[in-house]
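A structural walkthrough
Next come the chains, spelled out residue by residue.
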Amino acid sequence: MEDIKHTRWTDETIAELILKVRNDLLKDFLDDRFLKVYVNEQFKIRELSHIAVEFIRKDLKELLQTPVDMNHYRSLITHIRETDTASLSEGNEQLFYADVEKVLKRHIYE
């Protein structure tokens, strides 16, 4: 019988995983087409000004350089530790979109 190795999720490996997923999502939003489609679908805004897009892109690039807020992702961290898997359930993906939506809302509504 084959030995099954259980992953030992350290704070560091969990943080790296979350950072990678978050940054991959941020990079998707740096594509103007993806950004505009998302804003249209989620906020019912057909057109963003060129200036708004540039400010959003600037803030997203800055967010790429920051560490993740581990308190924000606490439920995901708990899920990873309890299940010993890195699968992202439907509820957890919203945590990543919430990071992006903070930036979007700042430039759409303010």
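Structure's up top.
Description of the structure in this document. Quantities reported herein were computed from a predicted structural model and do not represent experimental measurements.

Comments concerning the overall build of the chain
A tally of regular secondary structure across the chain gives five helices and zero strands. For the chain, the N- to C-terminal ordering of α and β elements is α-α-α-α-α. Computed over C-alpha atoms, the radius of gyration of the chain comes to 17 Å, more than 25% over the 13 Å expected from 2.2 N^0.38 for 110 residues, which places it beyond the range of a compact globule. Overall, the C-alpha framework of the chain stretches about 60 × 25 × 20 Å when taken along its three principal axes. Each of the 110 residues in the chain was classed as buried or not, and the buried ones make up 35%. Partitioning the contacts of the chain with sequence separation of at least 6, the portion at a separation of at least 24 is 74%. Total accessible area on the chain stands at roughly 7,600 Å², and carbon and sulfur atoms take up 52% of it. Here the chain contributes 17 positively and 22 negatively charged side chains, and the mean placements of these two sets differ by 4 Å.

Regarding the packing of helix α1 (residues 11–29) against helix α4 (residues 74–83)
Interaxial distance between α1 and α4 falls to 11 Å at its minimum, and their mutual angle equals 120 degrees. The angle between α1 and α4 places the two elements in the oblique class. As for how α1 packs across α4, the hand of that crossing is right-handed. Contact residues: D11, I14, L17 and I18 in α1; L76, I77, I80 and R81 in α4. In terms of residue class, the contact of α1 with α4 is built from six nonpolar, no polar and two charged.

Here we look at the packing of aromatic side chains
Per the stated rule, a full pass over the model turns up six aromatic pairs. Measuring from ring centre to ring centre gives 5.6 Å for Y38 and Y97, while their planes differ by 15 degrees; the resulting arrangement is stacked. Residue Y38 is found in helix α2 (residues 32–43), and its partner Y97 is found in helix α5 (residues 90–109); the two are separated by 59 residues along the sequence. Summarising the burial analysis for this pair, Y38 and Y97 share the class buried.

What counts, and where the lines are drawn
Residues numbered from 1 in each chain as written. Predicted model: local features only at pLDDT ≥ 70, side-chain atom pairs only at ≥ 80, totals over all residues. Heavy atoms only, no water. Helix = DSSP H or I, 4+ residues; strand = E, 2+ residues; numbered from the N terminus. Rg over C-alpha atoms; globule rule 2.2 N^0.38 Å. Buried < 20%, exposed > 50% of the residue type's maximum accessible area, 1.4 Å probe, protein only. Contact = heavy atoms within 4.5 Å. Areas by Shrake-Rupley, 256 points an atom, 1.4 Å probe, with all protein chains shown as cover. Lys, Arg positive; Asp, Glu negative; His and termini not counted. Charge placed at Lys NZ, Arg CZ, Asp CG, Glu CD. Axes fitted to C-alpha atoms, helices over the stretch in contact; angles between N-to-C directions. Parallel < 35°, antiparallel > 145°, perpendicular 65-115°, else oblique. Left-handed = near helix turned anticlockwise from the far one by under 90°. Nonpolar A, V, L, I, M, F, W, Y, C, P; charged D, E, K, R; others polar. Phe/Tyr/Trp six-rings, centres within 6.5 Å; stacked < 30°, edge-to-face > 60°.

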